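Structure assessment
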Amino acid sequence: MAQKFGHYDSEYVLNKMPEYAEKVKELEALSVAYDKEVRSLYDEAERMRAELRATEVLLTSEMKKDRTKAIQAKQEEAAKKSTDLFGYNGLYFKKVDELLLPLRTKVNQTVEVVCKKYGLDYLFDKSADIGIAYSNPVHDYTEFVLEELGIIEQN
């Protein structure tokens, strides 16, 4: 009995969804706002640095040290803000998950329905790194591989 394969393009599907375009616009606006916030902190540090260079000859060594510390603190604040907003667990990526995950889940559920409807065993996603969007559980040999390796899972 032959297996049936297919493929689809998840990016194309998502881009055809009106609600996806709305969410992407919302994320772009959020990104611009967050970037502006971070940029203003870096600009402030640069302004402080320029001010220090301009008045350096008039300052005592203690005053220079204090201003240098303030500049470093502003730089660190900007870097922390950037990480808080755009880092791995930053607010921006949490918002991406919040807005786009429901749409991706909807597409994935629809993929499974289409696969069952057309009797597909595997459906590959042309635009994804993961490759397989759906596989018929009948063809899952994970347990046999574990058994061959001598790794028996206890349920």
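What comes next is a walk through the structure. Residue numbers restart at each chain and count upward from 1, following the sequence in its written direction. The predicted origin of the model limits local features to residues at a pLDDT of at least 70 and limits the giving and counting of side-chain atom pairs to 80 or more, whereas totals for whole chains, interfaces and linings rest on all residues. Note that water and hydrogens are dropped before the side-chain values are worked out from all heavy atoms of the structure.

What about the overall build of the protein chain?
Under the DSSP-based scheme used, a helix requires at least four consecutive residues in state H or I and a strand at least two consecutive residues in state E, with every element numbered from the N terminus. Broken down by element type, the protein chain carries five helices and three strands. When the helices and strands of the protein chain are placed in sequence order, the string is β-α-α-α-α-β-β-α. We call a residue buried when its accessible area falls under 20% of the maximum for its residue type, exposed when it is over 50%, and partly exposed in between, using a 1.4 Å probe and counting protein chains only. Taken across its 155 residues, the protein chain has 25% of its residues classed as buried. For the accessible areas, the method is Shrake-Rupley and the probe is 1.4 Å, while residue cover comes only from the protein chains on display. For the protein chain, the computed accessible surface area is about 11600 Å², with 56% contributed by carbon and sulfur atoms.

A word on the sheet that holds strand β2 (residues 122–125)
Backbone-to-backbone hydrogen bonds pair the strands of a sheet. The strands run either parallel or antiparallel. Across the sheet, which stays open at both edges, the three strands sit in the order β1-β2-β3 with mixed pairing between neighbours. Since the sheet does not close on itself, it has two edges, and those belong to β1 (5–8) and β3 (132–135), each with one partner. Between one strand and the next, the sheet's axes are offset by a mean angle of 20°, whatever the strand orientation. When DSSP finds two or more bridges between two strands, those strands count as paired. Strand direction decides the pairing type here: β2 and β3, joined by three bridges, are antiparallel. Its bridge partner lying in β3, Y122 is registered against S135. Sheet strands in contact with helix α4 (residues 91–118) are β1, β2 and β3, and its direction is about 45° off that of β3. Angles shown run from 0 to 180 degrees and are taken between the N-to-C directions of axes, each axis being a line fitted to C-alpha atoms and, for helices, limited to the stretch in contact. Every residue pair with non-hydrogen atoms within 4.5 Å of one another is taken to be in contact.

Regarding the pairing of β2
Across four bridges, β1 lies against β2 in parallel orientation. Each residue of the ladder has a partner; that of Y8, found in β2, is D125.

Here we look at the pattern of salt bridges
Each salt bridge in this description consists of a side-chain nitrogen of Lys or Arg and a carboxyl oxygen of Asp or Glu lying within 4 Å of one another. Evaluation of the coordinates by the stated rule reveals eleven salt bridges. With a closest N to O distance of 2.9 Å, R49 and E46 form a salt bridge. With R49 and E46 both in helix α2 (residues 18–55), this residue pair falls three residues apart, about one helical turn. Residue classification places R49 among the partly exposed positions, given a relative accessible area of 26%. Here K116 ties to E112 by a salt bridge, and the two come within 2.9 Å at their closest N and O atoms. Here K116 and its partner E112 are both found in helix α4, four residues apart, which amounts to about one turn of the helix. Given a relative accessible area of 55%, K116 falls into the exposed group. The partly exposed category is assigned to E112, whose relative accessible area is 35%.

With respect to a nonpolar patch on the surface
Here a patch means residues that are over 30% exposed by relative accessible area and free of salt bridges, tied together within 9 Å if like-charged and within 5 Å if nonpolar (Val, Leu, Ile, Met, Phe, Trp, Tyr). On the surface, F5, F124 and I132 cluster together into a nonpolar patch covering about 270 Å² of accessible area. Position of I132 among the secondary structure elements: in strand β3. On the basis of relative accessibility, which here comes to 39%, the residue I132 falls in the partly exposed class.

What to know about the nonpolar core
Grouping buried Ala, Val, Leu, Ile, Met, Phe, Trp, Tyr and Cys residues that are joined through side-chain atoms within 4.5 Å yields what is termed a nonpolar core. Membership of the largest hydrophobic core comes to 19 residues, with the highest contact counts inside it found for V111 and L123. Mapped by element, the contributors of at least two residues to this core are α2 and α4. Once residues within four sequence positions are removed from consideration, V111 is found in contact with Y8, L123, A133 and Y134.

Structural notes on α2
What a helix should span is 1.5 Å times the count of its residues minus one. The terminal C-alpha atoms of α2 lie 56 Å apart, and with 38 residues this matches the ideal 56 Å at 1.5 Å per residue to within 8%. Residues Y20, L27, Y34, V38, L41, A45, M48 and L52 constitute the buried set of α2.

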